[in-house]
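Observations on the model geometry
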Amino acid sequence: MRFSLLCIVIIKIAALILGLIGVSMGWALVLFFVPDLWVLYHLFMPGASGLVRTFTRFQTDRPEVWLTIDDGPDEHDTPRILDLLDQHGARATFFLVGERAARHPALVAEIARRGHEIGHHTHTHPAGTFWCSTPAQVKRQLDAATGPLTPPGGVPPRCFRPPVGIKNIWLQCALVARGLICVSWNVRSGDSFARDPQKVAEHVLRLAKPGSILLLHEGAPLHDAVRVTAIAQVLAGLDARGLRCVIPADAQLR
Ligand SMILES: [Zn+2]
């Protein structure tokens, strides 16, 4: 990432020099702004790895996928999702929001007790402003959530997911300093906007294959008809296809 930023600085300086010596103002402007497009792409595309090393799948030669559930914990949804996962013998990673976890420490402990992983999804889920947050704000989002997201007797999260997948230019250094890895997805369920859980499940099942990272959500912004029901139908469909839900080891994330 440092190499990328160094290249951007060099290109911009070259553009300024071209502009100043008057070789071609048009080319100078193009050269000056093209790197910004590259930066915007890698900030706003959830799967892009140019600024922050990001995993969108995991290595496996077995029929298994990684189910990830964002935005909890939720007192209505989380207990029902945990029961569903037990019924299907499935394991999942819950990307929890720190301040919500602080309000429901018993749910955080229960997620861990049932053998699931707790992921880091920032402290306040600043979806609209995370991309332009200062280094101090990024640090606060990471550090304030660490306590609430660490279950009693457990370990702090190893995986981080930016809110709505949008990254920040300061994020890579902050993650490395805290031993966190950035995990995105390659199967987006669309449950945030859907009203028909069956369509959500059909979409996920059409795209899921070994090594896929599936993105689903829990909590109030979801439509009532979709909440939990979509996850239930996805789990049933994965069972029917012989795809197990597992939590990949570090060695599978390369
Ligand atoms: Zn989220």
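Residues numbered from 1 in each chain as written. Predicted model: local features only at pLDDT ≥ 70, side-chain atom pairs only at ≥ 80, totals over all residues. Heavy atoms only, no water.

An unreviewed UniProt entry lists the protein under the name Polysaccharide deacetylase family protein, with Rariglobus hedericola as the source organism.

**Structural notes on the overall build of the protein**
The helix and strand tally for the protein stands at nine helices and nine strands. For the protein, the C-alpha atoms occupy an extent of roughly 70 × 40 × 35 Å along the three principal directions. Residues counted as buried form 48% of the 254 residues belonging to the protein. Here the contacts in the protein between residues at least 6 apart in sequence split such that 77% fall between residues at least 24 apart. For the protein, the exposed area adds up to about 12200 Å²; of that, 63% sits on carbon and sulfur atoms. If the 26 positive side-chain charges of the protein are averaged to one point and the 21 negative ones to another, these points end up 7 Å apart. (Helix = DSSP H or I, 4+ residues; strand = E, 2+ residues; numbered from the N terminus. Buried < 20%, exposed > 50% of the residue type's maximum accessible area, 1.4 Å probe, protein only. Contact = heavy atoms within 4.5 Å. Areas by Shrake-Rupley, 256 points an atom, 1.4 Å probe, with all protein chains shown as cover. Lys, Arg positive; Asp, Glu negative; His and termini not counted. Charge placed at Lys NZ, Arg CZ, Asp CG, Glu CD.)

**Description of unusual backbone geometry**
Negative phi values dominate among residues other than glycine, just as trans dominates among peptide bonds. Residue Pro-73 is bonded to the preceding Gly-72 through a cis peptide linkage, with omega at 0°. With respect to the helices and strands, the residue Pro-73 is situated in the loop between β2 (64-70) and α3 (77-87). Phi at Asp-71 takes a positive value of approximately 85°, unusual for a residue other than glycine. Within the element layout of this structure, Asp-71 appears in the loop between β2 and α3.

**Topic: the coordination of the zinc ion**
Six octahedrally arranged donors around a metal ideally form angles of 90 or 180 degrees; four tetrahedrally arranged donors ideally form angles of 109.5 degrees. For the zinc ion, the protein coordination sphere consists of Asp-71 (OD), His-121 (NE2) and His-125 (NE2), at 2.0 to 2.1 Å. Donor residues for the zinc ion sit on one chain with the sequence pattern D-x49-H-x3-H. Here Asp-71 is found in the loop between β2 and α3, whereas its partner His-125 is found in the loop between β4 (117-120) and α6 (135-146), with 54 residues between them in sequence. (Donors = N, O, S within 2.8 Å, 3.2 Å for Na, K, Ca; no water.)

**A word on the state of the cysteines**
In the structure shown here, the tally under the stated rule is zero disulfides. Unpaired in terms of disulfides, Cys-159 finds its nearest cysteine sulfur in Cys-182, a separation of 9.5 Å. In this structure Cys-159 comes out as buried when scored by relative accessible area, which is 0%. (Disulfide = S-S within 2.5 Å.)

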